[in-house]
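Analysis of the macromolecular model
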Amino acid sequence: MAGISKPCIKLNNATKEFQSGNDVVKALDNVSLEIYPGELIVVLGESGSGKSTLLNIIGCMDELTNGKIEAFGKDITNLSEKERTNYRREDVGFVFQDYHLMPELSAIENVEFIAELVKNPLSSKEMIKAVGLEAEEKRFPGQLSGGQQQRVAIARALVKNPKIILADEPTAALDFRSAKEVLSVLVDVIRKEEKKGGDKDNNKTALVIVTHNREISKIADRVVIMKNGCIEEIVKRDDYCSVDSLEW
Ligand SMILES: Nc1ncnc2c1ncn2[C@@H]1O[C@H](COP(=O)(O)OP(=O)(O)OP(=O)(O)O)[C@@H](O)[C@H]1O
Ligand SMILES: [Mg+2]
């Protein structure tokens, strides 16, 4: 459980500045945050509050201006380009708002392609099954609905057996029903591992979901509320809700 195991991600006074003309924008302003294995974090905040920047820093897609970040027991603040690529490939599953699938590959091939890049992949077939797309596995992205495409993207993130999954507005482009299907698939991963329990807490996958949708924050173990590049508040939810019970 969170709090007992060691944090898998540790941000220490993390600051990220962007040059914007003559101005400097502090997209992250002295942020400290610990994320635990098996934890479901929802990051909420207005547009421009720094949510995507936070995710990009955790995913090593961008570098800090100041401060420190540790991931899975290693300082990743100043990695070489090669080490960053390796970290992103092996440890992190990404899910984006606009799916980022390869249009010329079928659903299953999109997953297999990623499986071939990593050291210890799970079964592509099993992952397609886990996201409920067995019947559609031979279809190309253009032949799938938005919700189905996003489920392929989730299967692709899961097949890496990542230590952390980072999802930036994964349901923003979807209608209510598809959004809930997509969320269920994502959240099941975390909650199933949670039920397994045992002493392997440190191997559990953490999930960070960025959203504008306050209702979605009800499924989290902790909600991180961002404002102007800072963490305004962290709300701990001992009574997280099921995806089924969400309404918007
Ligand atoms: N590459 C960049 N160059 C310059 N400024 C940037 C860059 N990326 C982000 N910013 C600025 O940093 C701040 C935080 O941006 P970020 O994308 O993290 O916000 P966000 O909370 O994800 O917003 P949204 O909900 O609209 O996606 C914003 O003021 C944004 O304009
Ligand atoms: Mg964003």
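Residues numbered from 1 in each chain as written. Chains lettered and ligands numbered in written order. Predicted model: local features only at pLDDT ≥ 70, side-chain atom pairs only at ≥ 80, totals over all residues. Heavy atoms only, no water.

**Looking at unusual backbone geometry**
Backbone geometry places N13, a non-glycine residue, at a positive phi of 45°. The backbone of C60 sits at a positive phi, close to 60°, despite the residue not being glycine.

**Examining the pattern of salt bridges**
In the structure shown here, the tally under the stated rule is 16 salt bridges. Across the pair K138 and E137 runs a salt bridge whose closest N-O atoms are separated by 3.9 Å. With a relative accessible area of 66%, K138 lands in the exposed category. On the accessibility criterion, E137 (10% relative accessible area) is buried. Within this structure, E63, E81 and R84 form a network of salt bridges that share partners. (Salt bridge = Lys/Arg side-chain N within 4 Å of Asp/Glu carboxyl O. Buried < 20%, exposed > 50% of the residue type's maximum accessible area, 1.4 Å probe, protein only.)

**Some details on the packing of aromatic side chains**
Under the criterion given, the structure shown has 3 aromatic pairs. When the centroid spacing of 6.4 Å and the interplanar angle of 40° are considered together, the rings of F72 and Y87 count as tilted. With F72 in the loop between strand 4 (66–71) and strand 5 (74–75) and Y87 in helix 2 (residues 81–91), the pair connects residues that are 15 residues apart, well separated along the chain. Judged by its relative accessible area of 24%, F72 falls in the partly exposed class. Residue class for Y87 comes out buried when judged on its relative accessible area of 6%. Ring centres of F94 and F96 lie 5.9 Å apart, and the angle between their planes is 10°; on these two criteria the pair is classed as stacked. (Phe/Tyr/Trp six-rings, centres within 6.5 Å; stacked < 30°, edge-to-face > 60°. Helix = DSSP H or I, 4+ residues; strand = E, 2+ residues; numbered from the N terminus.)

**So, the site of ligand 1**
As a matter of local geometry, ligand 1 sits amid 13 residues, with S47, G48, K51, S52 and T53 nearest to it. S47 has a polar side-chain atom sitting 2.6 Å from an oxygen atom of ligand 1. One of the side-chain N or O atoms of S52 is found 2.9 Å from an oxygen atom in ligand 1. Protein chains bury 61% of the 630 Å² of accessible surface belonging to ligand 1 in isolation. Counting only elements with at least two residues in the shell around ligand 1, the list comes to strand 2 (23–35) and helix 1 (51–58). (Near = heavy atom within 4 Å. Polar contact = N/O pair within 3.5 Å; in protein donor to acceptor, adjacent residues only side chain to side chain. Areas by Shrake-Rupley, 256 points an atom, 1.4 Å probe, with all protein chains shown as cover.)

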